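# Working through the structure, step by step
Listed below, chain by chain, are the residues.
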Amino acid sequence: MDRQTSPSSITRQLQTVFAISIIILLISSIASFMSNKKLIDSSYLVNHTNEVVVESEKMMASIRDAVANQRGYIITNNKIFLQDYNDGYEQTISNYEKLRSLTIDNPKQQRNLDDAKVLIDRRYAQMQTVVSKVENLSLAQRAALFQEDDRLMMTGKIVMDELRTVTDRIKAEEATLLKARLDEQELYTTYTPILILIAAALSIAISVAAYVRIKNDLDQRMRKQKEDEQKYIDTE
């Protein structure tokens, strides 16, 4: 019997086809798993970046609210503004601490937040200085005080401008990270399906080629068997 069409040869071909198909399936499955994991990780990082930006804006908003309440107290002498002003510092620090926690793995952002903390303390110290100065003054005396010397208010504006600059640095750093993470996400989204399709096409192609080869071998074996049977009959 021809060795190429022997049962052992066909068995080896089947084993080879199945082995290659399994390897391709494993590669495709691993690629799909890694891609999905990367997409999940990228989505988490994108959400994390957005959270940092939102929290930095909340921190600035809490400071602006404190400034507004301080001015409301100065203008009206209504202590409800003073209470809200006092609560503002706690809210700002809460936002600040959350930002530190969110960016704990980013040394650059930690340095930005170190700078922000210095400016936050300066801004609230300046506001408290103003509040203390006007606490026992009438509304007319307060107006006269700021008309004569606006340096108290100007100092606060300068500090606030510096704080905005630091906050803009924080948001710019996150924007850079966001772009890199979105680019990575797009890369995996684009190429993983292509890899899976190529693996599937290869698996199908190998299976079809193996089918054709095995069928040809079987046909050849059947023809050989019929020829041998015919020879046997002829010799009788």
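Residues numbered from 1 in each chain as written. Predicted model: local features only at pLDDT ≥ 70, side-chain atom pairs only at ≥ 80, totals over all residues. Heavy atoms only, no water.

This part is about the overall build of the protein. Counting its secondary structure elements, the protein contains five helices and zero strands. Shown N-terminal to C-terminal, the secondary structure of the protein runs as helices and strands in the order α-α-α-α-α. Its C-alpha atoms give the protein a radius of gyration of 38 Å, more than 25% over the compact-globule value 18 Å for 236 residues. Seen through its C-alpha atoms, the protein measures out along the principal axes to roughly 135 × 25 × 20 Å. By residue count, 32% of the 236 residues in the protein fall in the buried class. Here the contacts in the protein between residues at least 6 apart in sequence split such that 81% fall between residues at least 24 apart. (Helix = DSSP H or I, 4+ residues; strand = E, 2+ residues; numbered from the N terminus. Rg over C-alpha atoms; globule rule 2.2 N^0.38 Å. Buried < 20%, exposed > 50% of the residue type's maximum accessible area, 1.4 Å probe, protein only. Contact = heavy atoms within 4.5 Å.)

Considering the arrangement of structural elements, one finds S28 in helix α1 (residues 7–76). The class for S28 is buried, based on a relative accessible area of 14%. Those residues in contact with S28 that sit more than four places away from it in its chain are I196 and A199.

So, about unusual backbone geometry. Although it is not a glycine, N77 sits at a positive phi angle of roughly 65 degrees. By relative accessible area, N77 is classed as partly exposed at 36%.

Turning our attention to the environment of L45. Its place among the elements puts L45 in helix α1. When the C-alpha atoms of L45 and D228 are compared, they prove to be 72 Å apart, with 183 residues separating the residues in sequence.

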